[in-house]
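Residues per chain are reported as follows:
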Amino acid sequence: MSQRTLLIFSWLIFSLLSISVQATPLPSVIEAEGSATVIHGDLITARRTAVQQASEAATQRAAAFISSTTEVRNGVIVADNTRISSSALLSDLHIIEERLQGNELTVRIRAQLNAAQGCPGSLPEVAYLRNVGFTAFPLVQPSQANAGGLHDMPVRLPELLARELKQRPGFDSHTATHLRLHSNLDNAPTQMLDDGTLTNLQRHTEQTNMQYIVSGVIRDISQRNPQGGREPHILTDLYHRLDANHERNMRAFILDVYLHDALSGGLIWQKRYMTGGIWNAGQQRTGFATDAFWLQDYGDKVRREMRQVVADLNDRLRCEPFSARITRAEQNRLWINAGSLSGLNPGDRLSVYRRQVHYDSRNEAFSEFVGTGTTLTLDRVEPTFASGTLNSQASHVNIQRDDLVRSQ
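Residues numbered from 1 in each chain as written. Predicted model: local features only at pLDDT ≥ 70, side-chain atom pairs only at ≥ 80, totals over all residues. Heavy atoms only, no water.

### Quick word on the pattern of salt bridges
The full count for this structure, using the stated rule, is 20 salt bridges. Put simply, Lys166 and Asp172 hold a salt bridge, and the shortest N to O gap is 3.7 Å. Asp172 sits in the partly exposed class, given a relative accessible area of 21%. Residues Asp402 and Arg325 are paired through a salt bridge, measuring 2.8 Å at the closest nitrogen-oxygen approach. One end of the pair, Asp402, is in the loop between strand S15 (386-390) and strand S16 (404-406); the other, Arg325, is in strand S11 (residues 323-330), with 77 residues separating them in the sequence. For Asp402, a relative accessible area of 26% gives the class partly exposed. Here Arg325 falls in the buried class, since its relative accessible area comes to 7%. Connected via shared salt-bridge partners are Glu31, Glu33, Glu97, Arg99, Arg108 and Arg110. (Salt bridge = Lys/Arg side-chain N within 4 Å of Asp/Glu carboxyl O. Buried < 20%, exposed > 50% of the residue type's maximum accessible area, 1.4 Å probe, protein only. Helix = DSSP H or I, 4+ residues; strand = E, 2+ residues; numbered from the N terminus.)

### Considerations on the pairing of strand S9 (residues 250-261)
Within S9, eleven of the twelve residues are buried, which leaves it mostly tucked inside the rest of the structure. Taken together, the eleven bridges between S9 and strand S10 (residues 267-278) define a ladder with antiparallel strand orientation. Bridging from a neighbouring strand, Met250 pairs with Ile278 of S10. The turn linking S9 back onto S10 is made up of five residues, and Gly265 within it adopts a positive phi angle of 85°. (Pairing = 2+ DSSP bridges.)

### What about the nonpolar core?
Counting 36 residues, the largest nonpolar core has Phe134, Leu157, Ile221 and Phe288 as its most contacted members. Of all the secondary structure elements, the ones that give two or more residues to this core are strand S6 (130-135), helix H3 (153-166), strand S8 (212-220), S9, S10, helix H6 (291-295) and helix H7 (297-317). For this core, the element with the highest residue contribution is H7, accounting for seven residues. For Phe288, the residues in contact, after removing those within four places along its chain, are Gly149, Leu150, Asp152, Met153, Arg156, Leu157, Leu160, Phe293, Val302 and Met306. Core analysis: the next-biggest nonpolar cluster, separate from the first, contains 17 residues, Ala324, Ala338, Leu350 and Leu378 among them. (Core = buried A, V, L, I, M, F, W, Y, C linked by side-chain atoms within 4.5 Å. Contact = heavy atoms within 4.5 Å.)

Encoded structure:
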């Protein structure tokens, strides 16, 4: 082989190693099956459950279209990020087949598959699951919950948000409502401590391996005075007092939501949600998130805001890289606090970052993660942790516990 031919061959090999494989286009139509047990002859509920299961299966099948992006520097892989398009949306869903065998109902659906808007740089989403924890959402004025008996709202509201976010592809959300992140509700969100952690509670959240922490403060759920001032005309006044849907029965809902990066402690997003609706249940103790509560106009408006919260969290996080904390470093071997439950597999490669703590002009600490140019290749993956080897000695780049790995 001549020297020129060898150079051309080497260039082709290097180009193949450096190229990014484009994702396989999503199909325009997809079919899937789901099943459910018919209980007490309730075919409608069983059909609804089976269709929901089939819809989830269709979305998961769409998520199987995987692409990989590999970055090579000087012949060394420094980043190998498996990406997956998990943001597909179903539309025009139809039941094309329905089978009932005994008490088991099976349906087959066909739906139009529309890919959601991609991430910046036309990149699809990262495949690994982001672990999101929801803390309690305390009420600024707990007495406002007396009307309707809504005292469980600070716990039930984040539980429902976590449950709905978990239905979105790419998320493993759970509740940590025993934690209250903001000690001073008037000054929320909280400030980081000097060591760069979010709060003392963050040390407890390490047990749940949170990557992101969602907290909130319920600012206002007050009612307008149902008595109010009297109308000048006595008949008009009486009519308004008997009208359950009069604006006097409006009830407020103001919620602040905060999103922190649990690994750095930084506040990365916050938003205020405000709405209001008619509350005509008076002092009836409906409870929060009950059928009686959702039937209220106020309950319907609150549910819409909750759905918007989940949609906003999905939009904010779906393009964020997957991260995991390094729990142990020994020579060229590292252990991390994420495993197969997060979608990791043997052979996956993750970039390694060092944590550095800096101080701003007000002497407040903040963390920065700096790339080391090294790659961790996983060879052992358990449900909640994984380990692998570096392409260099950990001591050479001073990798320590609480540093992290990222998918990009």
